[in-house]
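Tertiary structure, described
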Amino acid sequence: MSTTTTRGVAQPAPAKVSKDRPRRGLRASSTFNFWLFTGPFLIGLIVFVFVPIGWSIYLSFFEARFTVTPSEFVGFENYKQVLTDVDFLNSLVTFTVFAAFIVPATWALSLGLALLVNRLRFMRAFFRSVFFLPTAVSYVAASLIWKMSLFNGVRFGLANTVIGWFGVDNIAWLASPDPPWYWLVIVTVRLWLQSGFYMILFIAALQNIPRELYEAASIDGAKPGWQTFRYITLPQLRATSTAVILLLLVAAYQAFDEFFNLLSKATWGQPPLVELYKMALGENQNYGAGSAGAVVLTMLICVVTLLQGKIMGFGRGEEGK
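Quick caveat, the model's predicted, so the values are computed rather than measured.

Reading guide: rules and limits
- Residues numbered from 1 in each chain as written.
- Predicted model: local features only at pLDDT ≥ 70, side-chain atom pairs only at ≥ 80, totals over all residues.
- Heavy atoms only, no water.
- Helix = DSSP H or I, 4+ residues; strand = E, 2+ residues; numbered from the N terminus.
- Buried < 20%, exposed > 50% of the residue type's maximum accessible area, 1.4 Å probe, protein only.
- Contact = heavy atoms within 4.5 Å.
- Areas by Shrake-Rupley, 256 points an atom, 1.4 Å probe, with all protein chains shown as cover.
- Expected span 1.5 Å × (residues − 1).
- Salt bridge = Lys/Arg side-chain N within 4 Å of Asp/Glu carboxyl O.
- Core = buried A, V, L, I, M, F, W, Y, C linked by side-chain atoms within 4.5 Å.
- pLDDT = per-residue confidence, 0-100.
- Axes fitted to C-alpha atoms, helices over the stretch in contact; angles between N-to-C directions.
- Parallel < 35°, antiparallel > 145°, perpendicular 65-115°, else oblique.
- Left-handed = near helix turned anticlockwise from the far one by under 90°.
- Nonpolar A, V, L, I, M, F, W, Y, C, P; charged D, E, K, R; others polar.
- Phe/Tyr/Trp six-rings, centres within 6.5 Å; stacked < 30°, edge-to-face > 60°.

Looking only at helices and strands, one finds 13 helices and 4 strands in the protein. Per-residue burial for the protein yields a buried fraction of 33% across its 321 residues. When contacts within the protein are restricted to residue pairs at least 6 apart in sequence, those whose partners lie at least 24 apart make up 65%. When the accessible surface of the protein is totalled, it reaches about 20,600 Å², and 66% of it is carbon and sulfur.

The following block contains the structure:
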């Protein structure tokens, strides 16, 4: 082994750094493994997402009744029909009311559950799992349980049984829009189904808050409870809260299963997706107008999402706050 001399002391010569490139076989194997795992998902994304979206946009400019094959180019006539349709415009009002109920209620409930679970000293995993399990339940199954068992409108229903203990008469929860008791049914089923998912997001954010902040606040005289929550916890959850609100707004726009199963025969209280379903798959089966409505709804979701993210500073760095 060759040596070098530094101040009379023999030093081993530094080993030469190998500049050999990775063997072509290894690189080819890595590329093959990458496409082996991601290829099926990419194909599914193209076939079941991108192609239907592109075909829907293309179909929205054509006359297509009782068939998904375009027959006559009509330009923006389908968009004009959708934007002047009274039922579709009323459905946007329904969405606004639904979002006004479900977004703040879900945010507050999921954050409250996260705070309670995060403070537990034992059985934390058990309660986290219990609150998360409803997210695995089908929206259709939950809607039927709410409709046929909890709020079925007869005296044997759970809700009417409970209020009957206090001398209150039976309520037809889903039979009439006046008074609109159906909002209680729809909001509670959506709260039960999705609060656990957002609770997990808040728990992850709470666990990332440095404990030194609470220790410094305690030294400065901040009282545990509301003061630390308002001035430390809540500001540290800003990014997560913004993401949760955005997801809740998009989910509210896409509400379909609970409305369709709870108010299937009603002509009132329907969200945009139900109206588009009736337009495209109803008696007239106007796929062109239905596709135009889907494009309008998608653009509306994008605009609302961008505005909400801009207002709440989503994606903004610390220096931009």
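After presenting the structure, the write-up continues.
Taking 1.5 Å of rise per residue, the 16 residues of helix α10 (residues 238-253) would be expected to cover 22 Å, and the 23 Å separating its terminal C-alpha atoms lies within 8% of that figure. Those residues of α10 that are buried are in contact with α3 (86-118), α7 (182-207), α12 (272-281) and α13 (287-312).

Here Glu 283 shows up in the loop between α12 and α13. For Glu 283 and Phe 66, which are 217 residues apart along the polypeptide, the C-alpha to C-alpha distance reads 9.2 Å.

All right, on to unusual backbone geometry then. Cis geometry marks the peptide bond from Asp 178 to Pro 179; its omega dihedral reads 0°. Even without glycine at this site, Met 123 takes up a positive phi of about 55°. In this structure, Met 123 sits in the loop between α3 and α4 (124-132).

What follows is about the pattern of salt bridges. For the structure shown, the criterion picks out 2 salt bridges. When the shortest N-O distance is used, the salt bridge between Arg 65 and Glu 63 registers 2.8 Å. Overall, the relative accessible area of 37% leaves Arg 65 in the partly exposed class.

Membership of the largest hydrophobic core comes to 61 residues, with the highest contact counts inside it found for Phe 98, Trp 173, Phe 259 and Leu 263. Considering every element that reaches this core, the biggest residue donor is α7, with 14 residues. The residues contacting Trp 173, other than those within four sequence positions of it, are Phe 151, Gly 153, Ala 159, Asn 160, Ile 163, Trp 181, Tyr 182, Leu 184 and Val 185.

Before going further, it helps to spend a moment on the confidence of the model for the protein. On average, residues of the protein score 83 in pLDDT, and 88% of them reach the 70 mark or higher. Mean pLDDT across the elements of the protein bottoms out in strand β1 (residues 3-6) (52) and peaks in α7 (92).

Attention now goes to α12. Of all the positions in α12, only Pro 272, Val 274, Glu 275, Leu 276, Met 279 and Ala 280 are classed as buried. Each element contacted by the buried residues of α12 is listed here: α2 (77-83), α3, α11 (257-262) and α13.

One can describe the packing of α3 onto helix α9 (residues 226-236) by two numbers: an axis separation of 14 Å at closest approach and a directional angle of 100°. As far as their axial angle goes, α9 and α3 are roughly perpendicular. Taking contact as the criterion, the partners of Trp 107, Leu 111 and Leu 115 in α3 are, on α9, Phe 229, Thr 233 and Leu 234.

Between two packed helices, the angle of one axis relative to the other and the distance separating the axes together describe the packing. Between helix α8 (residues 211-219) and α9, the shortest axis-to-axis distance is 11 Å and the interhelical angle comes to 160°. Viewed along their axes, α8 and α9 adopt a mutual orientation that is roughly antiparallel. When the axes of α8 and α9 are compared, the crossing they make is right-handed. Side by side, α8 and α9 meet where Leu 213, Tyr 214 and Ala 217 of the first sit next to Thr 228, Ile 232, Thr 233 and Gln 236 of the second. Taken together, the residues that form the contact of α8 with α9 break down as 4 nonpolar, 3 polar and no charged.

Okay, the packing of aromatic side chains next. For the coordinates displayed, the defined rule picks out 23 aromatic pairs. When the ring of Trp 55 is compared with that of Tyr 58, the centres are 5.3 Å apart and the planes differ by 40°; the resulting orientation is tilted. Of this pair, Trp 55 and Tyr 58 both sit in helix α1 (residues 24-59), 3 residues apart, which is roughly one turn of the helix. Every member of this aromatic cluster is reached through a ring pair, and the members are Phe 98, Phe 101, Tyr 182, Trp 183 and Phe 259.

This part takes up the side chain of Thr 106. With respect to the helices, strands and loops of the structure, Thr 106 is situated in helix α3. Relative accessible area serves as the criterion here: at 0%, Thr 106 is assigned to the buried category. Once you skip the residues sitting within four places of it in the chain, Thr 106 turns out to touch Leu 191, Gln 194, Ser 195, Tyr 198 and Leu 248.

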